[in-house]
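Listed here are the chains, written in short residue letters.
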Amino acid sequence: MGGLALRYWAVVILAAATHLAGLWFHSSGIYQGPANVPLSQFPENVDFVFVLTFAATMIGLKYVVYELAVRAFTGNYKTPAIRLCFYAGYAAALAIDMASIFSSSKPIADAGLAIVAAVFQSPLVLIASAGAIAAIVLWKDTPPKTGATRAP
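Because the structure is a prediction, the values reported are computed rather than measured.

A. Region of interest: the layout of surface pockets. Of the volumes computed, that of the second largest pocket is approximately 230 Å³. Lining the second largest pocket we find 14 residues, and of these R7, E67, R71, K78 and F86 sit closest to its centre. Looking at the lining of the second largest pocket, the elements that each hand over two or more residues are α1 (2-25), α3 (48-74) and α4 (80-103). A per-class count over the lining of the second largest pocket returns 6 nonpolar, 3 polar and 5 charged.

Quick look at the structure:
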């Protein structure tokens, strides 16, 4: 469970940092012409409660559910193929989530619609990845073929 908690907090910190970076990047300069707000003047209009709680926590919990589901299905059976599928799905979904958080920081974007990618798109990647892991585990459990075989 230590790795699960570590990955959860890493995702939460990465999501909050990405959201703050997106808010700073789209602060005043991108659409109005002058350069971005200096970092010393940045946190004027930032809702830190939203940044640190809602988006980061909801995204982090999605990965906790994914990891617990995969762990429950695989048990102690962990092969390199399972690890590759698990981390590839994790990384692809995390990239989608970070892109949606960054795009939800644009002043002209509807933040609610931009964050929807984290709710509707990345779970599809996680479900596909979990499906591949389930197929690997089920393939391992297929009964051996018995009986006569055809000669070539």
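B. Here's a closer look at the pattern of salt bridges. Taken as a whole, this structure holds 3 salt bridges when the rule is applied. Note that R7 is salt-bridged to E67, the shortest N-O span being 2.3 Å. Taken together, the residues R7 in helix α1 and E67 in helix α3 connect sequence positions 60 residues apart. Measuring nitrogen to oxygen at the nearest pair gives 3.0 Å for the salt bridge that ties K62 to D97. Here D97 lies in helix α4 and K62 lies in helix α3, a separation of 35 residues in the sequence. Both residues of the pair, K62 and D97, belong to the buried class. A single salt-bridge network, built from bridges that share partners, covers R7, E67 and R71.

C. View of α4. In a regular helix each residue adds 1.5 Å, so 24 residues correspond to 34 Å; α4 covers 34 Å between its end C-alpha atoms and thus fits that length. Those residues of α4 that fall on the buried side of the exposure criterion are I82, F86, G89, Y90, A93, L94, D97, M98, S100 and I101.

D. Just the packing of α3 against helix α7 (residues 122-140), in detail. Taken N-terminus to C-terminus, the directions of α3 and α7 make an angle of 10°; their axes are 10 Å apart at the nearest point. With respect to their mutual orientation, α3 and α7 come out roughly parallel. Contacts between α3 and α7 involve K62, Y63, Y66, V70, F73 and T74 from the first element and S122, P123, L126, S129, A130, I133, A134, V137 and L138 from the second. The class makeup of the residues in the contact of α3 with α7 is 11 nonpolar, 3 polar and 1 charged.

Here is what the cut-offs are and how they apply
Along each chain, numbering runs from 1 in the same order as the chain's sequence is written. Given that the model is predicted, a residue must reach a pLDDT of at least 70 before its local features are reported, and side-chain atom pairs must reach 80 or more before they are shown or counted; all residues, however, enter totals for whole chains, interfaces and linings. Side-chain metrics rest on all non-hydrogen atoms present in the structure, leaving aside hydrogens and water. Points on a 1 Å grid over protein atoms alone make up a cavity when a 1.4 Å probe fits among them but cannot get out, and a pocket when they form an open set with protein on both sides within 12 Å along at least five of seven lines; lining residues each have an atom within 4 Å of a point. Grid points are joined across faces, edges and corners, and a volume is the space filled by probe spheres set on the points. Secondary structure elements follow DSSP: runs of H or I no shorter than four residues count as helices, runs of E no shorter than two count as strands, and numbering proceeds from the N terminus. In this classification, the charged set is Asp, Glu, Lys and Arg, the nonpolar set is Ala, Val, Leu, Ile, Met, Phe, Trp, Tyr, Cys and Pro, and all remaining amino acids, among them Gly, are polar. In what follows, salt bridge is the name for a side-chain nitrogen of Lys or Arg lying within 4 Å of a carboxyl oxygen of Asp or Glu. Throughout, exposure labels follow a simple rule: accessible area from a 1.4 Å probe, protein chains only, divided by the maximum for the residue type, with under 20% read as buried, over 50% as exposed, and the rest as partly exposed. Expected span of a helix, by definition, is 1.5 Å for each gap between consecutive residues, and there is one gap fewer than residues. Angles here are taken between N-to-C directions and fall from 0 to 180 degrees, while the axes themselves are lines fitted to C-alpha atoms, restricted in helices to the stretch in contact. Small angles under 35 degrees read as roughly parallel and large ones over 145 as roughly antiparallel, with 65 to 115 read as roughly perpendicular and the rest as oblique. Residues are treated as being in contact if the distance between any of their heavy atoms lies within 4.5 Å.

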